[in-house]
Amino acid sequence: MDKKIAVLGDIHANIDALDVVLADAKALGATDWICVGDVVGYNACPNECCEKIRALGAATVCGNHDHYCAFDESLEDFHPLAAAVVAWTRRQLTTENREWLRSLPYQKVEKGLAIVHATLDQPEHWGYVFETVEAEPSFTYQRTQLCFHGHTHVPAVFVQHGFGAVDRLPPEDFALVLGRKYFVNTGSVGQPRDSDPRASYLLYEPARRAVTFRRLDYDISAAQSRVLAAGLPEHLARRLAAGR
Ligand code: ZN
């Protein structure tokens, strides 16, 4: 059987979205799993999400929320709403899940594929890549043809042509072209921000060198109820329906 790698990230403790994504990937024949980080933060089910990703044996890198929820660092530079959720998540995490989050590397190369949460040039500084100029430094450090990342919660394809120029392409299915490098954002499972509230992830098939983007409806109201029941900020429930 040819390999089919499910690449997902920015799950953000949204178990309702994660369950739908995992079921879809399994139905489509996923054989391997990559997680670009931010398993926790924002939503109400951090332990459940950690446990699902750990059970899959997914090759996983550390996101900024994973880092701040797993380590007891000062949150004084955080937006107050974000700090409240980090503090709440710290109290929820089991020792095992906290240790697992602490063990995650900032970046990883798995079977010829690079994985990072934010950027390859300074993975621990959590820079955002929305535009081509922000993608350029990562390409300097990208030794593989393909790198998967997340962090913006907006799916996108950045391509560096053989002559060095970088373009941003919409998140549409494509096959890798020899001589080009790709820095591909999977979008967010648990808190999409491209005005499309559906859960986002992608599949990569090495034999065909093909990337397929997936968007899936899930029970948003169930996820919202969990956020409110946990006493987390109402804004975090509302934004799930808006996809912002
Ligand atoms: Zn995130």
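Overview of the structure.

Quick notes on the rules
- Counting of residues starts from 1 at the beginning of each chain's written sequence and follows it residue by residue.
- Given that this is a predicted model, residues contribute local features only at a pLDDT of at least 70 and side-chain atom pairs are listed and counted only at 80 or more, while totals for whole chains, interfaces and linings are drawn from all residues.
- Note that water and hydrogens are dropped before the side-chain values are worked out from all heavy atoms of the structure.
- Under the scheme used here, helices are H or I runs from DSSP no shorter than 4 residues and strands are E runs no shorter than 2 residues, and both carry numbers assigned from the N terminus.
- Computation of the radius of gyration draws on C-alpha atoms, with the globule rule given as 2.2 Å multiplied by the number of residues to the power 0.38.
- Contacts between residues were defined by any pair of non-hydrogen atoms, one from each residue, lying within 4.5 Å.
- Here Asp and Glu are counted as negative and Lys and Arg as positive; His is not counted, and neither are the chain ends.
- Where a charge lies is defined by one atom per residue type: Lys uses NZ, Arg uses CZ, Asp uses CG and Glu uses CD.
- Each metal site lists N, O and S donors within 2.8 Å (3.2 Å for Na, K and Ca). With water left out of the atoms, a site can look as if it is missing ligands.
- Tetrahedral means four donors with every angle between 85 and 135 degrees, whereas square planar (four donors) and octahedral (six donors) require angles over 155 degrees between opposite donors and between 65 and 115 for all others; sites fitting neither are termed irregular.
- Classification of residues uses two cut-offs on accessible area relative to the type maximum, computed with a 1.4 Å probe and protein chains only: under 20% is buried, over 50% is exposed, and between them is partly exposed.
- When we speak of the arc, we mean the arc of directions from the helix axis to the C-beta atoms.
- Note on pairing: two strands pair once DSSP finds at least 2 bridges between them.
- Note on method: axes are straight lines fitted to C-alpha atoms, helices fitted across the in-contact stretch only, with angles between N-to-C directions ranging 0 to 180 degrees.
- To qualify as a nonpolar core, a set must consist of buried Ala, Val, Leu, Ile, Met, Phe, Trp, Tyr and Cys residues joined through side-chain atoms within 4.5 Å.
- Pairing of aromatic rings covers Phe, Tyr and Trp, the last counted by its six-membered ring, and requires centre-to-centre distances within 6.5 Å; plane angles under 30 degrees mean stacked, over 60 mean edge-to-face, and any other angle means tilted.
- By definition here, charges over rings are those cases where NZ of Lys or CZ of Arg is within 6 Å of the ring centre and within 35 degrees of the ring normal.
- Salt bridges are defined by distance alone: a side-chain nitrogen of Lys or Arg within 4 Å of a carboxyl oxygen of Asp or Glu.

1. Remarks on the overall build of the protein
Moving on, step 1. Within the protein, the secondary structure is distributed over 8 helices and 12 strands.
Moving on, step 2. Expected size for 244 residues packed as a compact globule is a radius of gyration near 18 Å; at 17 Å, the protein falls within 12% of this value.
Moving on, step 3. Overall size of the protein, expressed as C-alpha extent along the three principal axes, is 50 × 40 × 35 Å.
Moving on, step 4. Long-range contacts, defined here as pairs at least 24 residues apart, represent 71% of the contacts in the protein between residues at least 6 apart.
Moving on, step 5. The centroid of the 25 positive side-chain charges in the protein is displaced by 3 Å from the centroid of its 31 negative side-chain charges.

2. Description of the coordination of the zinc ion
Moving on, step 1. Coordination sphere of the zinc ion, protein contribution only: D10 (OD), H12 (NE2), D38 (OD) and H153 (NE2), at 2.1 to 2.4 Å.
Moving on, step 2. Bound by 4 donor atoms, the zinc ion shows angles of 87 to 179° at the metal and therefore irregular coordination geometry.
Moving on, step 3. When the donors of the zinc ion are listed by position in the chain, the intervening gaps give D-x1-H-x25-D-x114-H. Placement of D38 in the loop between β2 (32-35) and α2 (46-56) and of H153 in the loop between β6 (146-149) and β7 (156-160) is noted, with a sequence separation of 115 residues between them.

3. A few points about helix α5 (residues 95-103)
Moving on, step 1. Of the residues making up α5, those classed as buried are N97, W100 and L101. End-on, the buried residues of α5 take up no more than an arc of 100°, which puts them together on one face. Seen from the open side of α5, the exposed residues pointing more than 90 degrees away from its buried face are T95 and S103.
Moving on, step 2. Where α5 is buried, its residues contact α2, β3 (59-60) and α3 (64-70).

4. Describing the side chain of N14
Moving on, step 1. Counting through the fold element by element, N14 comes out in the loop between β1 (5-8) and α1 (15-27).
Moving on, step 2. Among the residues examined, N14 registers a relative accessible area of 1% and is labelled buried.
Moving on, step 3. Ignoring any residue separated from it by four or fewer positions in sequence, one finds N14 in contact with N43, C49, G190, Y218, A223 and L240.

5. Some remarks on the sheet that holds strand β11 (residues 199-205)
Moving on, step 1. Sheet architecture is open: 6 strands sit in the order β3-β2-β1-β11-β12-β9, paired in mixed fashion. Each having just a single partner strand, β3 and β9 (174-175) make up the two edges of the open sheet.
Moving on, step 2. Across 2 bridges, the pairing between β2 and β3 is parallel. Residue C35 lies in a different strand from β3, and its bridge partner there is T60.
Moving on, step 3. α1 rests against β1, β2, β11 and β12 (210-216) of the sheet, and its axis sits at about 25° to β11.

6. A look at the nonpolar core
Moving on, step 1. Grouped together as the largest cluster of nonpolar side chains are 49 residues, with contacts concentrated most on L8, L18 and I53.
Moving on, step 2. Beyond its immediate stretch of four places on either side in the chain, I53 contacts L8, I11, L18, C35, V39, A58, T60 and W100.
Moving on, step 3. Formed by 20 residues, the second largest nonpolar core is a distinct cluster that contains I5, F148, V157 and Y204.

7. Considering the packing of aromatic side chains
Moving on, step 1. On inspection of all chains with the given rule, the structure shows 6 aromatic pairs.
Moving on, step 2. The interplanar angle of 70° and the centroid separation of 4.8 Å between the aromatic rings of Y68 and F78 together place this pair among those described as edge-to-face. Linking Y68 in helix α3 with F78 in the loop between α3 and α4 (80-92), this pair joins segments that are 10 residues apart in sequence.
Moving on, step 3. Classification of F78 by relative accessible area gives partly exposed; the value is 23%.
Moving on, step 4. Where Y128 meets F130, the ring centres are 6.1 Å apart and the plane angle is 15°; that geometry is what we call stacked.
Moving on, step 5. Among the residues examined, F130 registers a relative accessible area of 34% and is labelled partly exposed.
Moving on, step 6. Residue placement shows R239 over the ring face of Y42; its charged tip is 5.7 Å from the ring centre.

8. Focus: the pattern of salt bridges
In a structure, side chains of opposite charge can pair up when their charged atoms sit close to one another.
Moving on, step 1. Overall, the coordinates contain 12 salt bridges when judged by the stated rule.
Moving on, step 2. As a salt-bridge pair, D16 and R226 come within 2.8 Å of each other at their nearest N and O atoms. Highlighted residues: D16 in helix α1 and R226 in helix α7 (residues 220-229), separated in sequence by 210 residues.
Moving on, step 3. Owing to a relative accessible area of 12%, D16 belongs among the buried residues under this scheme.
Moving on, step 4. R54 is the salt-bridge partner of E96, the closest N and O atoms lying 3.8 Å from each other. Placement of the pair is E96 in helix α5 and R54 in helix α2, with a sequence separation of 42 residues.
Moving on, step 5. When its relative accessible area of 56% is taken as the criterion, E96 is described as exposed.

What is shown is where atoms sit, not what they do.
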